[in-house]
Amino acid sequence: MNGRVGIIGIGYTAAQPTTPYSSFKELMFEAAQRAYFDAGIDAAEVESFVTCAEDLNTGLSIFDEYTPDQLGAVQKPMHTLTQDGLHGIADAVMQIKSGLVEVVAVEAHSKASNILTPDWILDYAVDPIFNRPLGFNPHALAGLEMNLFLHETGITPQQVSQVAAKNRTNALRNPLAAYPARLTADDTAAGPYAHYPLRETEMAQTADGCVVVVLASDDKARAAASQPLWVRGIGFANDSPTLESRDWVHAEYTRIAAQMAYRMAGITNPAREIDFFEVDDTYAYKELQHLIALGLYPNRPGEAGRALEQGLTRPDGKTPVNVSGGCLGLGWTLEASGLYRIVELVLQLRGQAGPRQLPGAKMGLAQSWRGVPTTSGAVAILSSEQKPWE
Amino acid sequence: MAGQPTNVRGTPVRSADLKKGRVFTTTYVPRIQYAWDTGQAIGRYLEELKNGRLIARRCNNCQRIMIPPRMFCERCFGPTHAWVVVKDTGTVNTFSLSYVSWDVRRLKKPEIPAVIEIDGASKGMGILHVLGNVSPKAVRIGMKVRAVWKPAQQRTGSITDIAYFEPIKGKAPAAKRTAKKPFKAKAKKSKSRKRR
Ligand SMILES: [Zn+2]
């Protein structure tokens, strides 16, 4: 067996502001059924399961105890990562590459609408001695980061507003998106400040949804019902999270994760070699910060803003970014965010993206961030083609 | 003081020290609230509890009748197929006499959590509840019990709409189970159950 790993199936529900008609288990069952059907396998053929969930987001401690039944994982190896779904993809890749198993299902979902006090849960993530007693809303940490990021890179507030307008508009072509809207940068720039310089219109709104991704070894992938997409590169990293001394300007966690993935994929010039990007845009400026960390503008970070203004990151541009609508347009689906990026990659690379299909897309990159106050990120590179030398 | 480590030097912190501010402390009371979507299975289950009856789901593939109901069968990994009203009587599958309350107070009269296999549901299918109107010494595995419902106007669509399960007087443990079984296939199996 060689070390290749393919994605052989995806199952998902649309991202929606609320999903009162389904319990989280019913949501997961729906996505799992779709994923196994897409892969042309029975649940019994999945050998190992990874779910990605944060107990405080679910309202259940030891959440891994609540996942086997609806995934077909009863009496099978399974575990839960308190990470974004892209870390789950990395987990599955390692399990398969190690030869432990040949078929792994990765699940992540959001029932964000069930959390009545989301900002309090976010507050619970900041340091109880140094930070919490100060009493400000933890989303202001994004305001702190954005302020220095703009100051250091020369990226303008107008360019950030333009990111929000682009992604909300992209979502109009995505039936999975919860927050499509035809907006201009002037529209989003007119929004009130939430945490200066961050505007309300530049913050992704939460959505519910579930994604299941099935990964398989080379042999199993070739026999799959749907066209397999090959995991060409994967990487993940954390920076120092300390708010008092962290790097506010550079998304180092993403730069390092990307370097891991590029090394694995043999990529030296990502802007030229990768056809499109799905990156975290939980706050609009993060799209630009993450693209810089991915090495798209190696000469000067300020180019990220100019490339946006020139339309290079639009769906019809040279380097399309967040054609799906991103978190701003599709909705911020908590731990499932990274897997919705994977869904877009798979649909585009299979040629199944409908009205937003990018012509000739052969390789795509997905990047995720765990949100404030974290410095946790992951990168995955998928391609419809295997590496010629493998 | 019993239980205090003998190999550690230092001064123990007393509650008076905390009250008088002699030690540094920080207090944080999280406000964490959820409103979980019941979805289809739990939603219908709670609705029927409010109506004063128990409802289950049947999987036509493995023929199990499952309570609490679920829209998927974890054994067959497929959807379940039909709603089945089951009885509000059953058999104590296992129980505990719990002498320590949830907030760690010692109880003279124990709480009695029990798993009750519900009549009409498949073997091994039960609901977790509490027993009442019974002496702790009299509780037995295999004991026949019935639901004691709250009055209709007090029911809210909650598992506590059943106040507790109580013994069915005059019924020997695990006796007459065959008569309670609505399904033929299950009625045959119940013979082996008697000896458990
Ligand atoms: Zn079944």
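Residues numbered from 1 in each chain as written. Chains lettered and ligands numbered in written order. Predicted model: local features only at pLDDT ≥ 70, side-chain atom pairs only at ≥ 80, totals over all residues. Heavy atoms only, no water.

Enquirer: How should I be thinking about the overall build of chain A in this particular structure?
Expert: Helix and strand counts for chain A stand at 15 helices and 11 strands. Here the C-alpha atoms of chain A give a radius of gyration of 19 Å, agreeing with the 21 Å that 2.2 N^0.38 yields for 390 residues. Referenced to the eigenvectors of the C-alpha coordinate spread, the extents of chain A come out at roughly 50 × 45 × 40 Å. A burial count over chain A gives 62% of its 390 residues as buried. Counted over contacts in chain A with a minimum sequence separation of 6, partners at least 24 positions apart contribute 77%. Roughly 14,500 Å² of accessible area belongs to chain A as shown, and the carbon and sulfur atoms make up 52% of that amount. Positive and negative charge centroids in chain A, built from 30 and 44 side chains respectively, lie 7 Å apart. (Helix = DSSP H or I, 4+ residues; strand = E, 2+ residues; numbered from the N terminus. Rg over C-alpha atoms; globule rule 2.2 N^0.38 Å. Buried < 20%, exposed > 50% of the residue type's maximum accessible area, 1.4 Å probe, protein only. Contact = heavy atoms within 4.5 Å. Areas by Shrake-Rupley, 256 points an atom, 1.4 Å probe, with all protein chains shown as cover. Lys, Arg positive; Asp, Glu negative; His and termini not counted. Charge placed at Lys NZ, Arg CZ, Asp CG, Glu CD.)

Enquirer: I'm lost on the overall build of chain B in this one. Help?
Expert: Within chain B, the regular secondary structure consists of four helices and 12 strands. Evaluated residue by residue, chain B yields a buried proportion of 39% over its 196 residues. The long-range share in chain B, meaning contacts at least 24 apart out of those at least 6 apart in sequence, stands at 53%. Looking at chain B as shown, the accessible area adds up to about 12,400 Å², and 54% of this sits on carbon and sulfur atoms.

Enquirer: Any chance you could explain the sheet that holds strand E2 (residues 48–52) of chain A here in plain terms?
Expert: Across a sheet, paired strands are connected by hydrogen bonds in the backbone, their directions being either parallel or antiparallel. Residue and element names in this part refer to chain A. On the basis of which strands lie adjacent, the open sheet formed by nine strands has the order E3-E2-E4-E7-E1-E8-E11-E10-E9 and mixed pairing. This sheet does not close on itself; its edge strands, each paired only once, are strand E3 (78–81) and strand E9 (276–278). Across the sheet, the mean angle separating the axes of adjacent strands is 25 degrees when strand polarity is ignored. Two strands pair when backbone bridges link them, and strand E10 (residues 363–369) and strand E11 (residues 376–383) are joined in this way by seven bridges, in the antiparallel orientation. Residue pairing for E11: Ser368 is matched across the bridge by Ala378. (Pairing = 2+ DSSP bridges. Axes fitted to C-alpha atoms, helices over the stretch in contact; angles between N-to-C directions.)

Enquirer: Help me understand the nonpolar core in this model?
Expert: Inside soluble globular proteins, nonpolar side chains tend to come together where they are buried. Residue and element names in this part refer to chain A. Among the nonpolar cores identified, the biggest contains 56 residues, and Phe277, Leu294 and Ile381 are the most heavily contacted of them. Residues contacting Ile381, with those up to four places away along its chain left out, are Trp230, Val231, Arg232, Gly233, Ala261, Tyr262, Ala265, Ile267, Ile274, Met363, Gly364 and Leu365. If you look at the next biggest cluster of nonpolar residues, it comprises 48 residues, including Val50, Leu81, Ala92 and Val93. (Core = buried A, V, L, I, M, F, W, Y, C linked by side-chain atoms within 4.5 Å.)

Enquirer: Explain the coordination of the zinc ion here, please?
Expert: Four donors placed tetrahedrally about a metal ideally form angles of 109.5 degrees, and six donors placed octahedrally ideally form angles of 90 or 180 degrees. Residue and element names in this part refer to chain B. The coordination sphere of the zinc ion contains the protein donors Cys59 (SG), Cys62 (SG), Cys73 (SG) and Cys76 (SG), at a distance range of 2.2 to 2.4 Å. Taken together, the four donor atoms coordinating the zinc ion span angles of 105 to 116 degrees at the metal, a pattern that classifies the geometry as tetrahedral. Taken in sequence order, the residues that donate to the zinc ion follow the motif C-x2-C-x10-C-x2-C. Linking Cys59 in the loop between strand E1 (54–58) and strand E2 (65–66) with Cys76 in the loop between strand E3 (72–73) and strand E4 (78–79), this pair joins segments that are 17 residues apart in sequence. (Donors = N, O, S within 2.8 Å, 3.2 Å for Na, K, Ca; no water. Tetrahedral: all angles 85-135°; square planar, octahedral: opposite > 155°, others 65-115°.)

Enquirer: Could you clarify how one ought to interpret empty space enclosed by the protein in this entry?
Expert: Rolled over the atoms, a probe as big as a water molecule pinpoints where empty space is left. Residues and elements named next belong to chain A. Per the stated rule, a full pass over the model turns up three cavities of 30 Å³ or more. Its volume calculated, the largest cavity comes out at about 50 Å³. Lining the largest cavity are Asp123, Val126, Asn131, Arg132, Gly135, Phe136, Pro138, Leu141 and Leu243. (1 Å grid on protein atoms, 1.4 Å probe; cavity = no way out; pocket = protein on both sides within 12 Å on 5 of 7 lines; lining within 4 Å. Points joined across faces, edges and corners; volume = space filled by probe spheres on them.)

Enquirer: Any chance you could explain the sheet that holds strand E11 (residues 144–149) of chain B here in plain terms?
Expert: Residue and element names in this part refer to chain B. Reading across the sheet, the five strands line up as E10-E9-E6-E11-E12 and stay open at both edges, with antiparallel pairing between neighbours. Pairing within the sheet leaves two strands with one partner each, and these edge strands are strand E10 (126–130) and strand E12 (162–167). In this sheet, adjacent strand axes meet at a mean angle of 45 degrees when their direction is disregarded.

Enquirer: Can you help me understand the packing of helix H7 (residues 157–170) of chain A against helix H12 (residues 284–293) of chain A in this one?
Expert: Packed helices, taken two at a time, are described by the angle between their axes plus the distance between the axes. All names here are of chain A. The N-to-C vectors of H7 and H12 enclose an angle of 100 degrees; their axes lie 7 Å apart at closest approach. Judged by the angle between their axes, H7 and H12 are roughly perpendicular. Listed contacts from H12 to Val160, Val163, Ala164, Lys166 and Asn167 of H7 are Ala284, Tyr285, Glu287 and Leu288. In terms of residue class, the contact of H7 with H12 is built from six nonpolar, one polar and two charged. (Parallel < 35°, antiparallel > 145°, perpendicular 65-115°, else oblique. Nonpolar A, V, L, I, M, F, W, Y, C, P; charged D, E, K, R; others polar.)

Enquirer: What am I meant to see in unusual backbone geometry here?
Expert: Generally, phi is negative for residues other than glycine and the peptide bonds are trans, each holding for most cases. Pro197(A) follows Tyr196(A) through a cis peptide bond whose omega is 5 degrees. Inspection of the secondary structure puts Pro197(A) in the loop between strand E5 (193–195) and strand E6 (198–199). In this structure, Asn322(A) takes a positive phi of about 55 degrees despite not being glycine. With respect to the helices and strands, Asn322(A) occurs in the loop between helix H13 (303–309) and helix H14 (326–330). The phi dihedral of Gln63(B) is positive, around 65 degrees, even though this residue is not glycine. For Gln63(B), a relative accessible area of 45% gives the class partly exposed.

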